[in-house]
Amino acid sequence: MADELRQSAEKVLQLACDKNGVQAEVYLLDAEDKRIEVSGLSVENMKIAQERGLGLRIIKDGCLGYAYTSDWGEPALKLVVEQALHNAQQTQPDEYWELPEQTNAYQPMALFDEATFAVPIEDKIKLAQEMEEAAKSADKRIRLVEKAVYQEAFYRTFIMNSKGLSGEYRGSYCGIYTVALGSENQDNQTGMAMQFARKYSELEAPRIGREAAAKAVRMLGAQSIASAVLPVVLDPYIGTNFLGVLQTPFSGEAVLKGKSFYRGKGGKSVAGPLVTIIDDGSMPKRLGSAPFDGEGVPSQETVLIEQGRLTGLLHNLYTAQKSGVSSTGNSVRGSYKSTPEVGITNFYMAPGEKSPQEIIGELPKGLYVTDVMGMHTANPVSGDFSLGAAGLLIENGELTRPVKGVAIAGNLQEILMDVDAVGNDLTFFVTKGAPTLRIKAMSVSG
């Protein structure tokens, strides 16, 4: 962290601590995001976004106040303290507001890659162009590549509080993604592929381009099928989409508010025995990893479901205090402008032992789902969902013809119970990951 920014944070903390009976916490973020979009081998758009600011959280007489600023002048720093104090006076006392104690438990993590930012911008543009060219040349049915994008970001985070806690780290990531359009006999289909990593050297532009093209052309000529109850195999990306809905029921905040179907089910069977779901902010190289969370609590592994049994929930310090447990290090901040909320770090379903080919090969008939529409409509409180879907028909253990215009419906709790095969191909999409999953029976409407 630049010395002047750290000095500003220390000054704000001291100003806040000069007020009697105040607990104070300063959170500082300095981040930059760069995005290059290529189309037709030309740069269509280049965007650089910067975010630098400071958030102050104050607890006085059990009342919480928050304020933030991106102005580093002394008058602004004094004002942010007064605003946080004023805001605390407008809230009701709550005995569960607390700040974490000083700790020496932070794990050293290699989250920043100097080499990524030493690569000239021209080479990064070329990488996106290579991805576009790979997609175009993969199959003659690829009519165009809608976009090929390179993205990178670096961030520095600093936190300190009146209890002596102090932590700092910097990190970076980069990624590529592309969308290809396939066309044949007046039928158009799209395919998308992505890769994100900590290091620029790990990006594989030609592979991602070819993958997007393959996904587009395999869906050409897709038709609907008759309604049926079928075994359904979920592509890792689709499994990750379902996991995204599950992150809400696992939140300690949702449980406290009675908005989670996991309330009161600790230790009970809530999924099939092949299902293990984990959140782990301490995983090496993963994009959701950090030494500590948005409150300064050390990151950790939290097993949420172990072989079908509910073993944990996600907590920040407030929900943990209110629930009578310890924080799991799952306090997240969207920005220095926001207070810490409960969220995920690296959230994934543990892999199994079977290959995707074995999982598909065991089925005389089924549906391999590669795309869903309307996932945002899935109800995280009840678990009910009804989604548009597309994919590939499974016949005699093989993927045969493409399928579109169908809907899959069910309940997330029941789906987890019905998982009867888990693949060995755990794949992460940014901070969430899943392997290939097979559900023994789902309602498929044509």
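Residues numbered from 1 in each chain as written. Predicted model: local features only at pLDDT ≥ 70, side-chain atom pairs only at ≥ 80, totals over all residues. Heavy atoms only, no water.

## Notes on the side chain of Glu 25
Turning to step 1, where the next piece is worked out: Along the chain, the position of Glu 25 falls in strand E1 (residues 22–39).
Turning to step 2, where the next piece is worked out: Residue Glu 25 is classed as buried on the basis of its relative accessible area of 0%.
Turning to step 3, where the next piece is worked out: Those residues in contact with Glu 25, other than ones at most four positions away along the chain, are Leu 13, Gly 55, Leu 56, Arg 57, Leu 99, Ile 159, Met 160, Asn 161, Glu 295 and Arg 333. (Helix = DSSP H or I, 4+ residues; strand = E, 2+ residues; numbered from the N terminus. Buried < 20%, exposed > 50% of the residue type's maximum accessible area, 1.4 Å probe, protein only. Contact = heavy atoms within 4.5 Å.)

## Comments concerning the environment of Glu 395
Turning to step 1, where the next piece is worked out: Mapping Glu 395 onto the fold places it in strand E15 (residues 384–395).
Turning to step 2, where the next piece is worked out: Classification of Glu 395 by relative accessible area gives partly exposed; the value is 32%.
Turning to step 3, where the next piece is worked out: A sequence separation of 111 residues divides Glu 395 from Pro 284, and the C-alpha atoms of the two residues are 40 Å apart.
Turning to step 4, where the next piece is worked out: Sequence-distant contacts of Glu 395, defined by excluding residues within four places in its chain, comprise Pro 364 and Thr 400.
Turning to step 5, where the next piece is worked out: A distance of 2.7 Å separates a polar atom in the side chain of Glu 395 from a polar atom in the side chain of Thr 400. (Polar contact = N/O pair within 3.5 Å; in protein donor to acceptor, adjacent residues only side chain to side chain.)

## Topic: the sheet that holds strand E3 (residues 63–69)
Turning to step 1, where the next piece is worked out: Spatially, the six strands line up as an open sheet ordered E3-E2-E1-E4-E5-E6, and their pairing is antiparallel. Looking at the sheet topology across the chains shown, the edges are occupied by E3 and strand E6 (187–197). The average angle at which neighbouring strand axes cross in this sheet is 20°, direction not considered.
Turning to step 2, where the next piece is worked out: Sitting on the sheet, helix H2 (residues 74–89) is in contact with E1, strand E2 (42–60) and E3, with an inclination near 150° to E3. (Pairing = 2+ DSSP bridges. Axes fitted to C-alpha atoms, helices over the stretch in contact; angles between N-to-C directions.)

## Thoughts on the pattern of salt bridges
Turning to step 1, where the next piece is worked out: Taken as a whole, this structure holds 25 salt bridges when the rule is applied.
Turning to step 2, where the next piece is worked out: The salt bridge partner of Glu 295 is Arg 57, with a shortest N-O separation of 3.1 Å. Placement of the pair is Glu 295 in the loop between strand E8 (277–280) and strand E9 (301–306) and Arg 57 in strand E2, with a sequence separation of 238 residues.
Turning to step 3, where the next piece is worked out: Look at Glu 295 and you get buried, because its relative accessible area is 2%.
Turning to step 4, where the next piece is worked out: By relative accessible area, which is 2% here, Arg 57 ends up buried.
Turning to step 5, where the next piece is worked out: The closest approach of N and O atoms between Lys 124 and Glu 152, which form a salt bridge, is 2.7 Å. Taken together, the residues Lys 124 in helix H4 (residues 121–138) and Glu 152 in strand E4 (residues 142–161) connect sequence positions 28 residues apart. Side by side, Lys 124 and Glu 152 carry an identical accessibility label, which is buried.
Turning to step 6, where the next piece is worked out: Put simply, Glu 25, Arg 57, Glu 295 and Arg 333 are held in one network by salt bridges that share partners. (Salt bridge = Lys/Arg side-chain N within 4 Å of Asp/Glu carboxyl O.)

## Structural notes on the packing of helix H1 (residues 3–17) against H2
Turning to step 1, where the next piece is worked out: It is the contact of H1 with H2, at a shortest axis distance of 9 Å, that shows an interaxial angle of 45°. When the interaxial angle is binned, H1 and H2 end up oblique. Helix-helix and strand crossings are classified by hand; for H1 and H2 the assignment is right-handed. Between H1 and H2, the residues in contact are Ser 8, Lys 11, Val 12, Leu 15 and Ala 16 and Glu 74, Leu 77, Lys 78, Val 80 and Val 81, respectively. (Parallel < 35°, antiparallel > 145°, perpendicular 65-115°, else oblique. Left-handed = near helix turned anticlockwise from the far one by under 90°.)

## Describing the nonpolar core
Side chains of a nonpolar character, in soluble globular proteins, are inclined to be buried together.
Turning to step 1, where the next piece is worked out: If you look at the biggest cluster of nonpolar residues, it comprises 48 residues, and the most contacted ones within it are Phe 250, Tyr 262 and Ile 277.
Turning to step 2, where the next piece is worked out: Residue contributions to this core peak at five residues, all from helix H6 (residues 236–246).
Turning to step 3, where the next piece is worked out: Every residue in contact with Ile 277, bar those within four places of it in the chain, is listed here: Leu 243, Leu 246, Phe 250, Thr 302, Val 303, Leu 304, Ile 305, Phe 347, Tyr 348 and Met 349.
Turning to step 4, where the next piece is worked out: Formed by 26 residues, the second largest nonpolar core is a distinct cluster that contains Val 119, Ala 197, Leu 203 and Leu 220. (Core = buried A, V, L, I, M, F, W, Y, C linked by side-chain atoms within 4.5 Å.)

## Looking at unusual backbone geometry
Turning to step 1, where the next piece is worked out: In this model, Asp 61 sits at a positive phi of 55°, which is unusual for a non-glycine residue.
Turning to step 2, where the next piece is worked out: Mapped onto the elements of the fold, Asp 61 is located in the loop between E2 and E3.
Turning to step 3, where the next piece is worked out: On the basis of relative accessibility, which here comes to 62%, the residue Asp 61 falls in the exposed class.
Turning to step 4, where the next piece is worked out: The backbone of Asn 396 shows a phi angle near 50°, a positive value even though the residue is not glycine.
Turning to step 5, where the next piece is worked out: Relative to the assigned elements, Asn 396 resides in the loop between E15 and strand E16 (398–411).
Turning to step 6, where the next piece is worked out: The exposure class of Asn 396 is exposed, given its relative accessible area of 69%.

## Section: a negative patch on the surface
Turning to step 1, where the next piece is worked out: Together, Glu 122, Asp 123, Glu 130 and Glu 133 line one region of the surface with negative charge.
Turning to step 2, where the next piece is worked out: Structurally, Glu 130 can be placed in helix H4.
Turning to step 3, where the next piece is worked out: Here Glu 130 falls in the partly exposed class, since its relative accessible area comes to 32%. (Patch = residues over 30% accessible without salt bridge, like charges linked within 9 Å, V, L, I, M, F, W, Y side chains within 5 Å. Areas by Shrake-Rupley, 256 points an atom, 1.4 Å probe, with all protein chains shown as cover. Lys, Arg positive; Asp, Glu negative; His and termini not counted. Charge placed at Lys NZ, Arg CZ, Asp CG, Glu CD.)

## Quick word on the pairing of E15
Turning to step 1, where the next piece is worked out: As defined by bridge partners, strand E14 (residues 365–373) adjoins E15 across eight bridges and the pair is classed as antiparallel. When the sheet's bridge partners are listed, Lys 365 is paired in E15 with Glu 395.
Turning to step 2, where the next piece is worked out: The turn linking E15 back onto E16 is made up of two residues, and Asn 396 within it adopts a positive phi angle of 50°.

## What to know about the state of the cysteines
Turning to step 1, where the next piece is worked out: Taken as a whole and judged by the stated rule, the model has zero disulfides.
Turning to step 2, where the next piece is worked out: Its sulfur unpaired, Cys 17 is 18 Å from the next cysteine sulfur, which belongs to Cys 63. (Disulfide = S-S within 2.5 Å.)

## A few points about the packing of aromatic side chains
Turning to step 1, where the next piece is worked out: What the rule picks out here adds up to 16 aromatic pairs.
Turning to step 2, where the next piece is worked out: When the centroid spacing of 4.8 Å and the interplanar angle of 25° are considered together, the rings of Phe 250 and Tyr 262 count as stacked. In this pair, Phe 250 sits in the loop between H6 and helix H7 (252–256) while Tyr 262 sits in the loop between H7 and E8, placing the two residues 12 residues apart along the sequence. The residues Phe 250 and Tyr 262 share a single accessibility class, namely buried.
Turning to step 3, where the next piece is worked out: Chaining the aromatic ring pairs together yields one cluster made of Tyr 106, Tyr 155, Tyr 169 and Phe 292.
Turning to step 4, where the next piece is worked out: Against the face of Phe 112 rests Arg 170, its NZ or CZ located 3.9 Å from the ring centre.
Turning to step 5, where the next piece is worked out: Directly above the ring of Tyr 27 sits Arg 333, whose terminal nitrogen or CZ lies 4.2 Å from the centroid. (Phe/Tyr/Trp six-rings, centres within 6.5 Å; stacked < 30°, edge-to-face > 60°. Lys NZ or Arg CZ within 6 Å of the ring centre and 35° of its normal.)

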